[in-house]
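# Commentary on secondary and tertiary structure
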Amino acid sequence: MSHFVIAVDGPAAAGKGTLSRRLAAALDLAYLDTGCLYRAVAARLLEAGGDPADAEQAAAIAAQLDPADLDRDDLRSEAAGAAASRVSAHPAVRTALLDFQHRFADNPPGGRAGAVLDGRDIGTVVCPDASVKLFVTASAEARARRRYEELLARGDKVIYAEVQAEMKARDARDRDRDVAPLRAADDAVTLDSTDLSAEAVFQAALEIIAEKT
Ligand code: C5P
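Residues numbered from 1 in each chain as written. Predicted model: local features only at pLDDT ≥ 70, side-chain atom pairs only at ≥ 80, totals over all residues. Heavy atoms only, no water.

For clarity, the threshold we go by: UniProt positions are given in the numbering used here, feature names are shortened, and annotations may be inferred rather than shown by experiment.
Going by an unreviewed UniProt entry, the protein chain carries the name Cytidylate kinase and comes from Aquibaculum arenosum. UniProt's Subcellular location (unreviewed entry) comment on the protein chain is quoted here verbatim: "Cytoplasm". In its Sequence similarities (unreviewed entry) section, the UniProt record describing the protein chain reads: "Belongs to the cytidylate kinase family. Type 1 subfamily."

Given below as structure tokens:
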């Protein structure tokens, strides 16, 4: 059965998560933050003393990923994010996680009529037939600043220049990898959140959804 799916892609800290959660709540759709899948694989790998460059071990962990792993407290750390961007470059890891994402989109939890999925390749690879595709972006400076403030608010001891450098490296890895690189789908509508409040991005997205449906 085909469901109503909203695909939200974009680089780190562009505001995808905030927008996706609000859309899911407003439209009564299920929500999947697909970055959490890669973060959970990375967290389990680091915990086992593994190396994110080890495709085989990372793929084995991805194949056994438990939904409970998505609730771990340590997924939002910079270390998990950086390792996630490394494990996500392995084709076998991406394939292993594809099933999980398809099941979610095809059978949204809670009997909901559809789902919002956010990530890097939802509109291009995971759900190429999504009903609506949004590509949320913002300047590298604005995204680094947001991530820095988010980490500070969590009580992490971080240095702005380091957050900025890590984000730059992560952007490059996500854009330049061979499999499912970060890019807007041809039929995606781009929303630049650099100078917009979360509320303005949400309203703009609702208008796009109304036009498309
Ligand atoms: O979105 P988030 O920052 O939580 O994602 C962590 C990492 O997981 C990203 O840097 C990216 O490399 C990877 N990712 C991905 N494909 C997705 C979602 C996340 O490759 N659909």
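## Focus: the pattern of salt bridges
The cut-off we apply is this: The salt bridge criterion pairs a side-chain nitrogen of Lys or Arg with a carboxyl oxygen of Asp or Glu, the two atoms within 4 Å.
Counting across every chain of the model gives 15 salt bridges. The network of salt bridges with shared partners includes Glu47, Arg72 and Asp74.

## Examining the UniProt feature "binding site: ATP" (unreviewed entry) in the protein chain
Threshold: Strands here are runs of E lasting at least two residues and helices are runs of H or I lasting at least four, both read from the DSSP assignment and numbered beginning at the N terminus. Here the term buried applies to any residue with accessible area under 20% of the maximum for its type, exposed to any over 50%, and partly exposed to those in between, with areas from a 1.4 Å probe on protein chains only. Residue contacts follow a heavy-atom distance rule, with two residues in contact if any of their heavy atoms lie within 4.5 Å.
Taken from the UniProt record, the annotation "binding site: ATP" (unreviewed entry) applies to Gly10, Pro11, Ala12, Ala13, Ala14, Gly15, Lys16, Gly17 and Thr18. Within the element layout of this structure, alanine 13 appears in the loop between strand S1 (4–9) and helix H1 (16–27). On the secondary structure map, glycine 15 appears in the loop between S1 and H1. You can call glycine 15 partly exposed: its relative accessible area is 28%. Here glycine 15 is in contact with Val136 and Arg146, once residues within four sequence places are set aside.

## With respect to the packing of aromatic side chains
Note the threshold: Classification of ring pairs uses Phe, Tyr and Trp, with its six-membered ring standing for Trp, and accepts pairs whose centres are within 6.5 Å; under 30 degrees between planes counts as stacked, over 60 as edge-to-face, and the remaining range as tilted. Geometrically, a charge over a ring is one whose NZ (Lys) or CZ (Arg) sits within 6 Å of the ring centre while staying within 35 degrees of the ring normal.
The full count for this structure, using the stated rule, is one aromatic pair. Centroid distance tyrosine 148 to tyrosine 160: 5.4 Å. Interplanar angle 80°. Geometry classified as edge-to-face. Of this pair, tyrosine 148 sits in helix H7 (residues 140–153) while tyrosine 160 sits in helix H8 (residues 160–176), and the two are twelve residues apart along the sequence. Here the two residues tyrosine 148 and tyrosine 160 agree in accessibility, since each one is buried. Note that arginine 145 overlies the ring of tyrosine 160, its terminal NZ or CZ placed 4.2 Å from the centroid.

## Some details on the site of the ligand
For the record, the criterion: For each residue, the test is whether any non-hydrogen atom lies within 4 Å of the molecule or strand; if one does, the residue is near. Definition of a polar contact: a pair of N or O atoms within 3.5 Å, with one able to donate and the other able to accept a hydrogen when the atoms are protein atoms, and with sequence-neighbouring residues admitted only if both atoms are side-chain atoms. Note that accessible areas follow from Shrake-Rupley with a 1.4 Å probe, and for residues the cover is restricted to the protein chains shown.
Taken together, 15 residues are adjacent to the ligand, and Arg39, Arg94, Arg120, Arg170 and Asp174 come closest. Interatomic distance of 3.0 Å between a side-chain N/O atom of serine 88 and an oxygen atom of the ligand. For the ligand, whose unbound accessible area comes to 450 Å², protein coverage reaches 98%. Sorting the residues of the shell around the ligand by element identifies helix H2 (35–47), helix H4 (78–87) and H8 as the ones contributing at least two each.

## A short note on the UniProt feature "domain: Cytidylate kinase" (unreviewed entry) in the protein chain
The residues that UniProt annotates with the feature "domain: Cytidylate kinase" (unreviewed entry) are residues 6–209. The annotated region residues 6–209 carries 53% helix and 12% strand content, and the separation between its end C-alpha atoms amounts to 9 Å.

## Some details on H1
Condition: Given the number of residues in a helix, its expected span is that number minus one, multiplied by 1.5 Å.
Over its twelve residues, H1 extends 16 Å from the first C-alpha to the last, a length consistent with the 16 Å expected when each residue adds 1.5 Å. Where the residues of H1 are buried, they touch S1, strand S2 (30–33), strand S3 (114–119), strand S4 (132–137), strand S5 (189–192) and helix H9 (198–212). Among the residues trailing H1, aspartate 28 stands out with phi positive, at a value near 55°.

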